[in-house]
Amino acid sequence: MYIMIVNPVAGNGKAMSLFRRIQKEPLYKKENCRSFLTEETGHAERLALQVTKIHHESLKGIIVLGGDGTLHEVVNGIINYSETPVCFIPAGSGNDFARGMSLKKRGLKLFRSYVRNPKKSKVYLANYSLNNRKKHGRRTFMNSIGFGLDGVVVAAANQQKYRSWTKRLHITKLTYPLALLRSISKAQPIQFELSLDGKQMNIHKAMMVTITNHPYYGGGMKIAPKANINSKGLSILVVKPISKKKLLAMFISVFFGLHTKMKEVEEWKASSVHISSGQPLPFQVDGQNGSCCDCSIKKAETSTTFYLD
Ligand SMILES: Nc1ncnc2c1ncn2[C@@H]1O[C@H](COP(=O)(O)OP(=O)(O)OP(=O)(O)O)[C@@H](O)[C@H]1O
């Protein structure tokens, strides 16, 4: 049996229309697929936990049909059932995880490929805990966690009014780049303490600090060119204090992979990162925004099982 978790609003309704086509596919019945539609933020996480608890012995996989936000919830729902295979059919507006995993197929073809010819892959994602775990416990991210400007941009991009505007104009793919343009004029450096693999770094001020599992970000920007999902370490990208003009130039050069040549941009590798600050740091994790004073990040020691195409 396969359980499908579908976010009907992902990708401006793209996920729902794909789901209707998948339901008509003979393999859907043959493989005994059952589906659940998410109703609100956090629902995919609860559903993933419940179905895995109940069906983990007969479950061939959880098929996630939605964007990276839905996948983030599912991966966290099954955090204690890492053997449960996750089959991701990207249908969001950004789809950075599919790029990072080099998934070539999409839509119905990808569904057929998962159920006809499942190829498992164990992927080591990353764990993070905020504010000494007091509130949220250990969680996992698949794409990236970023502090400073990164968090400010995602907060702007997630505003309901802004989302409806990009949806109405059919430019949801440009959600992140446009939010970035809006946020640059207000961009301020953040102050922090940073340690990589337990070593205190001599850098205390930056526009943003982003830790990634793979290169892609904001709907296809290659922010950390050296990152690789199969690598044992995480990529840490730091953008030091920089003028607004240069910041804009930097984000244009991201599309050509040239930003890491700028002297204000540094990219390191580490398997554990700790960042703290005396002031609340705006952050984003896999496209969800918040604020924290302290965060520990570590390459995961247990793998998550994904199907490949
Ligand atoms: N029925 C629903 N109505 C409104 N929001 C929902 C519903 N179900 C889930 N959500 C929320 O929708 C948000 C966006 O989902 P998701 O990330 O899957 O799609 P996306 O934003 O289009 O894609 P991407 O993250 O790749 O840009 C998530 O925060 C999720 O929790």
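An unreviewed UniProt entry lists the protein chain under the name Lipid kinase, YegS/Rv2252/BmrU family, with Halobacillus aidingensis given as the organism. UniProt annotates the protein chain under Cofactor (unreviewed entry) with the comment "Mg(2+)". UniProt annotates the protein chain under Sequence similarities (unreviewed entry) with the comment "Belongs to the diacylglycerol/lipid kinase family."

1. Here's the deal with the overall build of the protein chain
In terms of regular secondary structure, the protein chain is built from 10 helices and 20 strands. At 19 Å, the protein chain has a C-alpha radius of gyration in line with the 19 Å of a compact globule built from 309 residues. With respect to the three principal axes, the spread of C-alpha positions in the protein chain is 60 × 45 × 30 Å. For the protein chain, the residues scored as buried account for 44% of the 309 residues in total. In the protein chain, the proportion of contacts linking residues at least 24 apart, taken out of those at least 6 apart, comes to 75%.

2. Remarks on the pairing of strand E3 (residues 61-66)
Of all the six residues making up E3, six are buried; the element is thus mostly covered by neighbouring parts of the structure. Residues Gly61, Ile63 and Leu65 of E3 are buried on one face, and the alternating residues Ile62, Val64 and Gly66, pointing to the opposite face, are buried as well. Looking at chain direction, strand E1 (residues 2-6) and E3 are connected through five bridges and run parallel. Paired with Val6 across the strands is Leu65, a residue of E3. Of the strand pairs in this sheet, E3 and strand E4 (residues 86-90) are connected by five bridges, and their pairing is parallel. The residue bridging Gly66 from the neighbouring strand is Pro90, located in E4. For the segment spanning E3, helix H4 (residues 68-77) and E4, crossover handedness is right-handed.

Thresholds applied
- Residues numbered from 1 in each chain as written.
- Predicted model: local features only at pLDDT ≥ 70, side-chain atom pairs only at ≥ 80, totals over all residues.
- UniProt positions renumbered as here; feature names shortened; annotations may be inferred.
- Helix = DSSP H or I, 4+ residues; strand = E, 2+ residues; numbered from the N terminus.
- Rg over C-alpha atoms; globule rule 2.2 N^0.38 Å.
- Buried ≥ 20, exposed ≤ 12 C-beta atoms within 10 Å, placed from the backbone.
- Contact = placed C-beta atoms within 7 Å.
- Pairing = 2+ DSSP bridges.
- Right-handed = clockwise from strand over helix to strand, strands pointing away.

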